[in-house]
Structure formats: structure tokens, C-alpha cells
Amino acid sequence: MRSFKNEDARKVVVTGLGSVSPVGNSVKEGWDNILAGISGISKISRFDTSDFAVSIAGEVKNFSFRDSISPKEGKHMDTFIHFGIIAGEEALKDSGFTVTDINRERVGVIVGSGIGGLPMIENTHTVLSSKGPRRVSPFFVPGSIINMISGHLSIRNNLQGPNIAAVTACTTGLHSIGLAARLIQCGDADAMLAGGSESTISPLGLGGFASARALSLRNNDPQGASRPFDYDRDGFVLGEGSGVLFLESLESAIKRGAKIYAELAGFGMSSDAFHMTAPDVNGPRRCMENALRDAELNLDEVDYINAHGTSTPLGDKNETLAIKNCFGHLSNELVVSSTKSMTGHLLGGAGGLESVFTVLSLFENKAPPTINLSKQDPECDLDYCSNQARDMSINVAVKNNFGFGGTNGSLVFKSFS
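Residues numbered from 1 in each chain as written. Predicted model: local features only at pLDDT ≥ 70, side-chain atom pairs only at ≥ 80, totals over all residues. Heavy atoms only, no water.

1. What about unusual backbone geometry?
(1) Moving on: The backbone phi angle of L347 is positive, close to 55°, even though this residue is not glycine.
(2) Moving on: With respect to the element layout, L347 can be found in the loop between helix 12 (340–343) and helix 13 (350–364).
(3) Moving on: For L347, a relative accessible area of 4% translates into the label buried.
(4) Moving on: Backbone geometry at N365 places phi at a positive 55°, although glycine is not the residue there.
(5) Moving on: Structurally, N365 is set in the loop between helix 13 and strand 11 (366–367). (Helix = DSSP H or I, 4+ residues; strand = E, 2+ residues; numbered from the N terminus. Buried < 20%, exposed > 50% of the residue type's maximum accessible area, 1.4 Å probe, protein only.)

Structure below.
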């Protein structure tokens, strides 16, 4: 495949990981639970769901921002910002990278969100309606807008390179990582914190997706509700959290003797140009092809795909067919899994968290399971690593995410040796 890359583009590697999720509030806790096939989905605890058709979600549990963010500062931020800051700073710490007066202008941030501060928007509207405009907090806008994760991470850690945010619905986290890699390849930065964060388990968020009939109605079986590629799947489960990678140029990582998890070898994007919410097969197919072309890899070199795999009837069939159209007869040799079966769907945070899991799959040669796959849909006929993690050699992994508006993204991670 002919690459789109400039011949002078630099290699980009992953040297740090951070996450907050329904399965754990650190990378280690989350990954251990993912490999064990433990679901983080339960009854919603933070508000009364009596009037809602749906009463389950993948909530982040036992979480407090106060160990990392002062109470005074934290109360003026929506929860998605808390998640993004803590995941981002875990990734920075894990990388072992020291920010100095010499390098700080070369280190940037792009951590986005699909929706942003929805709970704060809801609560502020209640204040406005009941108490009037004079009672609206002056911190409302900076506490709820999407680019403030990047802003806070930049200020708190003195990162003076690019400071931006992407918003592409459920592809946000993945696009942020891919765009960060491009900034490094082009020389605009030497290192970037990149990923996504979301916290929309709120009355308005739940009500909106439930009204669209997008959510699972398995209220009496929360842990079995998210079941990608299963014949009896009936919709996705709303999740929340954040996943962030620390990316840097290979030259920078080698120079400082960093632990390298993987190379981010390719990034592909495409648009369905088809429908605002319904998926199309050709867009995801082209997206994967673009990412592999960018990575200068052949189809037969891919071992594992961490799927978008939301557990919606149409979406899972569409992604399966897109994989088959991309890989042809080789699709039967791939191992595919959806970690959303355990976390639910983090929307704009999905690509960040699932990229953390994909990198760890490469680093540890372990494919995470797709749980709740008890009766595989005949139209979803690939190897989905059903119900149990698998030890296997993984040298190349593809990560997919697709979003409303017909926007698609694929990353190609490659083992580093």
C-alpha cells in the first residue's frame, strides 16, 4: 500500500497511559478487570430513574477528584473535566517524562469530549429557572466547555505546545490521538497528551438516548445488557470516563530511555456521507484501509481489532461487514473484541479508553474478551474472542471508532522492538 506520509515524518510511540472508567479508576485496575471479563455496568445510583425507560449505565464508582484537584477548584468543573485531568496526569506520570523550561514549548494537549459538561448545563438551567440569571455561576462557561480539559492539563503541567480539543461525537477520543500523532510527525510538537473524556449519565443524557431508542432495556440484567455481536443485543449502555495516551516522537523516547508500549503506526479517517446517525459500510472500510496505508502495512499483518462494537443491532452488523469488506478472506483469521461489553459506551471518551486497552493488548499479547456473547448473531460471523481473554501473539492491532454525523476513525498500533 502506498503511504500518505511525508518521507520526513517522524515515528510516534506511546510511552504513557491513563484512564478512569466503569471498570476501574486507574489503568492497572481497569485492565485487570477487563482481562477478567468483569462488567462495570449497574443500576444508576446518582439520580432517580423511576420515570425513565432505562435505569442502567456504566458509572464510574468510588471516584474522588480531591486527591488530585483542590475542592475549591474542582467544584467549578464538570465531572468530564475531572476525569480527563486525572487520566491525563496518570498518563504523564506513567511516561516518566519531565517537563522542563527547555522542552515545555514542545509538549501539548488534545483531549476532547463528544458532549462536554451536560450535567453542569442541566443544573445551571435549573438555577436560572428557579432563582434567576443573577444566580448563574460565573464559572459555568469555563466549567462546562469541551476544550477545558486540555486547558487545565496545559496550565497544571506547564505544557506550552499545542492546546486544542476535537469534537467528533463517538470518534472524538480516537481522532484526538490520531491528530496528536500528526502534530508530532509534522514537527509542531515533540510530545502530546491525547484522548477523550465524557460524563453524560444525567437525566437529559439518559433521556435523550433513551428517546432515540438507542439504549438497551435490560434493566433487570445490568451486567448482561451490553452484548456486542450477540443475537439478542438490543442497544448500547451509556458509560462514562476517560482514556489518555502520552505520545512522543521515537527520537525523544529513545533519547530519554523511556518505556515504549507501542508505535502508533497509522491513522485513517473517512466520512460515510450517508446519514446523520445510521451507519454505512463503505465509510468504516475506507477508514481502516486509510489507516493501514498510512502505516505502510499489508492486510495480512493485522492480528487483532478492538472494535467500535456498541451492541446496537445495526451497528455491529455494519462493522462486521466493513471488516470483511476490508480484509476479505483474511477476516476469518482476525481476532476481534469489544471492550464496550464491560464498560458500556463512553461516547467521546470511548476512543481514548479503548486505545489504552488496545495498546496493552499489544504490550502484553493478550486479547480482551467480548463478554455476554452467548448466542452469536449469524450475521456477525467473525472471531470475537467470546467471553474469555486470550493469550496470543499481537504484533499489529487496529482500533476503530465511528460517530454520529458519519465520521470514522481508525488507528494502527504496532509492537515496538
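2. Some points on helix 11 (residues 313–327)
(1) Moving on: Over its 15 residues, helix 11 runs 22 Å from end to end, which matches the ideal 21 Å to within 8%, given 1.5 Å per residue.
(2) Moving on: Restricting attention to buried positions, one finds in helix 11 the residues D316, N318, E319, T320, A322, I323, C326 and F327.
(3) Moving on: On the buried face of helix 11, the contacting elements are helix 10 (282–295), strand 9 (304–306), strand 10 (335–337) and strand 13 (396–403).
(4) Moving on: Looking at the residues trailing helix 11, positive phi occurs at G328, about 60°. (Expected span 1.5 Å × (residues − 1). Contact = heavy atoms within 4.5 Å.)

3. What to know about the sheet that holds strand 7 (residues 241–249)
(1) Moving on: Here we have 10 strands laid out as an open sheet, ordered 5-4-6-7-1-8-14-13-9-10, and mixed in their pairing. Two strands in the sheet have a free side with no partner beyond their single neighbour: strand 5 (163–164) and strand 10.
(2) Moving on: Two elements, strand 6 (residues 191–198) and strand 7, share 8 bridges in a ladder whose sense is antiparallel. If you follow E198 over to strand 7, its bridge partner there is G241.
(3) Moving on: Lying on the sheet, helix 7 (residues 172–186) is in contact with strand 1 (12–20), strand 4 (107–112), strand 5, strand 6, strand 7, strand 8 (262–271), strand 13 and strand 14 (407–414); it crosses strand 6 at an angle near 170°. (Pairing = 2+ DSSP bridges. Axes fitted to C-alpha atoms, helices over the stretch in contact; angles between N-to-C directions.)

4. Structural notes on the state of the cysteines
(1) Moving on: Scanning the entire structure with this criterion turns up 0 disulfides.
(2) Moving on: Cysteine C170 is unpaired, with the sulfur of C287 as its nearest cysteine sulfur at 14 Å.
(3) Moving on: On the basis of relative accessibility, which here comes to 11%, the residue C170 falls in the buried class.
(4) Moving on: C326 supplies the cysteine sulfur nearest to C287, a cysteine that is in no disulfide, at a spacing of 9.6 Å. (Disulfide = S-S within 2.5 Å.)

5. Looking at the nonpolar core
(1) Moving on: Core analysis: the largest hydrophobic core is formed by 44 residues, its most contacted members being V14, L17, L245, L247, L264 and F413.
(2) Moving on: Taken together, the elements giving at least two residues each to this core come down to strand 1, helix 1 (27–35), helix 7, strand 6, strand 7, strand 8, helix 13 and strand 14.
(3) Moving on: The element contributing the most residues to this core is helix 13, with 7 residues.
(4) Moving on: Ignoring any residue separated from it by four or fewer positions in sequence, one finds V14 in contact with L245, F246, L247, K259, I260, Y261, A262, V359 and F413.
(5) Moving on: Counting 25 residues, the second-largest nonpolar core is a separate cluster that includes F229, A291, I323 and V398. (Core = buried A, V, L, I, M, F, W, Y, C linked by side-chain atoms within 4.5 Å.)

6. Some details on the side chain of T358
(1) Moving on: Considering the arrangement of structural elements, one finds T358 in helix 13.
(2) Moving on: Discounting chain neighbours no more than four positions away, the residues touching T358 are N306, A397, K399 and F413.

7. Some words on the pairing of strand 1
(1) Moving on: Taking burial as the measure, the 9 residues of strand 1 include 9 buried ones, the bulk of the element.
(2) Moving on: Pairing geometry for strand 1 and strand 7, over 8 bridges, is antiparallel. Residue pairing in the sheet places V12 in a bridge with S249 of strand 7.

8. Examining the environment of A57
(1) Moving on: Note on placement: A57 falls in strand 3 (residues 56–57).
(2) Moving on: When the C-alpha atoms of A57 and N395 are compared, they prove to be 34 Å apart, with 338 residues separating the residues in sequence.
(3) Moving on: When neighbours within four sequence positions are excluded, A57 is seen to be in contact with G40, I41, S42, I44, I201, V237 and L238.

9. Quick word on the environment of N372
(1) Moving on: Note on placement: N372 falls in the loop between strand 11 and strand 12 (390–391).
(2) Moving on: A relative accessible area of 17% means that N372 is categorised as buried.
(3) Moving on: The residues contacting N372, other than those within four sequence positions of it, are Q223, G224, A225, S226, R227, D230, S341 and N387.
(4) Moving on: Within polar-contact distance, the side chain of N372 engages the backbone oxygen of Q223 at 3.0 Å. (Polar contact = N/O pair within 3.5 Å; in protein donor to acceptor, adjacent residues only side chain to side chain.)

10. Quick look at the pattern of salt bridges
(1) Moving on: Tallied over the full model, the rule gives 23 salt bridges.
(2) Moving on: Here R390 makes a salt bridge to D383, at a shortest N to O gap of 2.7 Å.
(3) Moving on: Connected via shared salt-bridge partners are R10, R106 and D190. (Salt bridge = Lys/Arg side-chain N within 4 Å of Asp/Glu carboxyl O.)

11. As for the layout of surface pockets
(1) Moving on: One number sums up the size of the second largest pocket: a volume of about 570 Å³.
(2) Moving on: Taken together, 30 residues line the second largest pocket, and the ones lying closest to its centre are D78, T79, P119, M120 and N123.
(3) Moving on: Those elements giving two or more residues to the lining of the second largest pocket turn out to be helix 3 (79–95) and helix 4 (118–131).
(4) Moving on: By residue number, the principal contributor to the lining of the second largest pocket is helix 4, which donates 6 residues. (1 Å grid on protein atoms, 1.4 Å probe; cavity = no way out; pocket = protein on both sides within 12 Å on 5 of 7 lines; lining within 4 Å. Points joined across faces, edges and corners; volume = space filled by probe spheres on them.)

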